[in-house]
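Here's the letter readout for the chains.
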Amino acid sequence: MDIRLLLTELSDAFNAHDLDRILALFADDCVLEMPRGNAPWGARFEGKPKVREALALRFQGLPDVHYGNPEHFVDAAAETGISKWTLTGTTPDGVRKEVRGCDFYSFRNGKVIRKDSYWKIVE
């Protein structure tokens, strides 16, 4: 399993806003943890259908979202990888967003089993 290649493909798929392409890289029993939520881990979505819904909402909330300046880090022995990026986008209300963040990925058999996202807080 080439985790660096998977991280690059994930980055490209997210920037293409291609849910089918993204979810093809996720296991059926995947977990997505988003930065915002009412729990210490943010919001958690379990299983492909719930992950798809959550990601679709992300694309609706920032229709032009782009993850630029990607950097990928790999721990092949642990089957994990980290992608750092600068998120830019504009809300439907016209509010421009720019924030640094990262995703911690865990893999099994070449598929994402967990994506845990973190953003810097801009005040």
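Residues numbered from 1 in each chain as written. Predicted model: local features only at pLDDT ≥ 70, side-chain atom pairs only at ≥ 80, totals over all residues. Heavy atoms only, no water.

## Points about the sheet that holds strand 1 (residues 26-39)
- Spatially, six strands are ordered 2-1-6-5-4-3 in an open sheet, and the strand pairing comes out mixed. Of all strands in the sheet, those bounded by a partner on one side alone are strand 2 (42-46) and strand 3 (66-75). Here the strands of the sheet are splayed against their neighbours by 20° on average, with no regard to which way each runs.
- Here strand 1 runs beside strand 6 (residues 111-119); their pairing, made up of four bridges, is parallel. Across the sheet, L32 pairs through a bridge with K115, a residue of strand 6.
- Across the sheet, helix 1 (residues 3-15) lies against strand 1, strand 3, strand 4 (80-90), strand 5 (96-108) and strand 6, angled at about 165° from strand 3, the strand it touches most.
- Here helix 3 (residues 48-61) sits on the sheet in contact with strand 1, strand 2, strand 3, strand 4 and strand 6, set at roughly 50° to strand 1. (Pairing = 2+ DSSP bridges. Helix = DSSP H or I, 4+ residues; strand = E, 2+ residues; numbered from the N terminus. Axes fitted to C-alpha atoms, helices over the stretch in contact; angles between N-to-C directions. Contact = heavy atoms within 4.5 Å.)

## A closer look at helix 1
- Here helix 1 spans 18 Å end to end across 13 residues, near enough to the 18 Å set by a 1.5 Å rise per residue.
- When helix 1 is considered as a whole, its buried residues turn out to be I3, L6, L7, L10, S11, A13 and F14. What you see down the axis of helix 1 is that its buried residues fit within an arc of 165°, all on one side.
- At the N-terminal boundary of helix 1, the capping side chain belongs to D2, with an oxygen 3.3 Å from the backbone nitrogen of R4. (Expected span 1.5 Å × (residues − 1). Buried < 20%, exposed > 50% of the residue type's maximum accessible area, 1.4 Å probe, protein only. Arc of directions from axis to C-beta. Polar contact = N/O pair within 3.5 Å; in protein donor to acceptor, adjacent residues only side chain to side chain.)

## A word on unusual backbone geometry
- If you check the backbone angles, N69 has positive phi at about 50° while not being a glycine.
- With respect to the element layout, N69 can be found in strand 3.
- We classify N69 as exposed; its relative accessible area is 56%.
- Of note in this structure, E79 is not a glycine but carries a positive phi near 55°.
- Position of E79 among the secondary structure elements: in the loop between strand 3 and strand 4.

## So, the pairing of strand 5
- Here strand 4 pairs with strand 5 via 11 bridges, running antiparallel. The residue bridging T90 from the neighbouring strand is R96, located in strand 5.
- Hairpin connection from strand 4 to strand 5: five residues lie between these consecutive antiparallel strands, with G94 at a positive phi of about 90°.
- From the end of strand 5 to the start of strand 6, which pair antiparallel, there are two residues, and N109 there has a positive phi angle of about 55°.

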